[in-house]
Amino acid sequence: MTDDLATTLRIDGDAAHFVVTTADPVGRERLLHMGWQAIGDGVFDRVLSARGDVARIHATFGRHLRQMVRQSARLEPVRWEIALEEFLGRVDGTGLHWWLYGSGALAVRGITVEPGDLDFAVDDAQHAGRIFEDLLVEPVTGPLDWVARWIGRAFHGALFEWSAEAVAEPPNEFGDWAARRLEVVEWRGRRIAVPRLEVQLEVARRRGLTGTVAAIEGAMRQGPGGAG
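Small disclaimer: the values here were computed from a predicted structure and weren't measured.

Colleague: Please clarify how the overall build of the protein chain should be interpreted in this entry.
Modeller: Each helix and strand counted, the protein chain has 8 helices and 11 strands in total. Seen along its three principal axes, the alpha-carbon backbone of the protein chain occupies a region of about 50 × 35 × 30 Å. Residues classed as buried in the protein chain amount to 49% of the 228 residues present. Restricting to contacts in the protein chain with at least 6 residues of sequence separation, those with at least 24 account for 59%. Surface exposure of the protein chain reaches about 11,000 Å², of which carbon and sulfur atoms provide 48%.

Quick look at the structure:
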């Protein structure tokens, strides 16, 4: 499954097109889930900013494409702990302001969830792009007419992405509303800022994520130290 993935790069002015072709139904479904658009039979396009060394970034993307798709399909383990360790080690002392949200923020609490990737809110997407320059699988892209103005993606054991200048309406886990509702948890001796559980519960309910809602509610009933 997902063995026939192939990718090409097309530059059109300020836009970089990361085009992926596959005949595999699993690969097709996962690419749509990961933000690609179908532009033909088995052909998918993701339009990004043509910033930095796009050819090198695309080459890195190509090396990890199969693994990213298989992890998204849960055909390979998502090594989110490795990605998080790398993130924490690199951002230390850089001045980047950030917090972890999504399923990763639940996992570091010991709540039984299986992150498919890691999501970070940052104050400066370009700064994050420089920190993870050699790991980028997409150029830092923006400004966007989306829930956030800037996004970036990198891969190290698992996919991790960051967003900056959120414009999404609350409740959310990555904008100013969430920034005022953070707390710090300990994970492997590290301090990690995450949204409060009631924030993540409200977002999960809004998105109809019944399994996540149940996991959060169970952790909240157990109280501090009761997850896992």
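Colleague: Can you walk me through the pattern of salt bridges in this structure?
Modeller: Any two side chains of opposite charge can pair, given that their charged atoms come close. By the definition in use, this model includes 17 salt bridges. With a closest N to O distance of 4.0 Å, Arg-66 and Glu-76 form a salt bridge. Of the two residues, Arg-66 sits in helix α2 (residues 54–72) while Glu-76 sits in the loop between α2 and α3 (80–91), which places them 10 residues apart along the sequence. According to the relative accessible area criterion, Arg-66 is partly exposed, its value standing at 38%.

Colleague: When you look at the packing of aromatic side chains in this model, what are you seeing that I'm missing?
Modeller: Aromatic rings considered in pairs are described by the distance between their centres and by the relative angle of their planes. With the rule as written, the count across this model stands at 13 aromatic pairs. Summarising the aromatic geometry, the rings of Phe-87 and Trp-98 are spaced 5.1 Å apart at their centres and angled 80° between planes, so their arrangement reads as edge-to-face. Placement of the pair is Phe-87 in helix α3 and Trp-98 in strand β5 (residues 98–101), with a sequence separation of 11 residues. Look at Trp-98 and you get buried, because its relative accessible area is 18%. Given a relative accessible area of 0%, Phe-87 falls into the buried group.

Colleague: What is the right way to read the nonpolar core from this model?
Modeller: For soluble globular proteins, the rule of thumb is that nonpolar side chains tend to be buried together. Core analysis: the biggest nonpolar cluster contains 51 residues, and Leu-84, Trp-98, Leu-100, Phe-120, Phe-160, Trp-162 and Ile-192 have the highest contact counts within it. Contacts of Phe-160, omitting those with residues within four sequence positions, involve Ala-83, Phe-87, Leu-118, Phe-120, Phe-132, Leu-135, Gly-152, Arg-153, Ala-154 and Phe-155. Core analysis: the second largest hydrophobic core is formed by 9 residues, Leu-106, Ile-111, Ala-204 and Ala-215 among them.

Colleague: Can you help me understand the sheet that holds strand β4 (residues 43–49) in this one?
Modeller: The strands making up a sheet associate through hydrogen bonds between their backbones, and the pairing can be parallel or antiparallel. Taken in spatial order, the 4 strands of this open sheet run β1-β2-β4-β3, and their pairing is antiparallel. The outermost strands of the open sheet, each flanked by one partner alone, are β1 (6–12) and β3 (37–40). The sheet shows a mean angle of 35° between the axes of neighbouring strands, taken without regard to direction. As paired strands, β1 and strand β2 (residues 15–21) are joined by 7 bridges and run antiparallel to one another.

Colleague: In this structure, what is going on with the sheet that holds strand β7 (residues 136–141)? I would like to understand it.
Modeller: Read from one edge of the open sheet, 5 strands run β5-β6-β9-β8-β7, paired in mixed fashion. With one partner strand each, in any of the chains shown, β5 and β7 form the two edges of the open sheet. The sheet shows a mean angle of 25° between the axes of neighbouring strands, taken without regard to direction. Alignment of strand β6 (residues 118–122) against strand β9 (residues 159–166), held across 4 bridges, turns out to be parallel. Counterpart to Asp-119 in the pairing with β9 is Glu-161. Here α2 sits on the sheet and contacts β7, β8 (148–155) and β9; the angle it forms with β7, its principal contact strand, is near 120°.

Calculation notes
Residues numbered from 1 in each chain as written. Predicted model: local features only at pLDDT ≥ 70, side-chain atom pairs only at ≥ 80, totals over all residues. Heavy atoms only, no water. Helix = DSSP H or I, 4+ residues; strand = E, 2+ residues; numbered from the N terminus. Buried < 20%, exposed > 50% of the residue type's maximum accessible area, 1.4 Å probe, protein only. Contact = heavy atoms within 4.5 Å. Areas by Shrake-Rupley, 256 points an atom, 1.4 Å probe, with all protein chains shown as cover. Salt bridge = Lys/Arg side-chain N within 4 Å of Asp/Glu carboxyl O. Phe/Tyr/Trp six-rings, centres within 6.5 Å; stacked < 30°, edge-to-face > 60°. Core = buried A, V, L, I, M, F, W, Y, C linked by side-chain atoms within 4.5 Å. Pairing = 2+ DSSP bridges. Axes fitted to C-alpha atoms, helices over the stretch in contact; angles between N-to-C directions.

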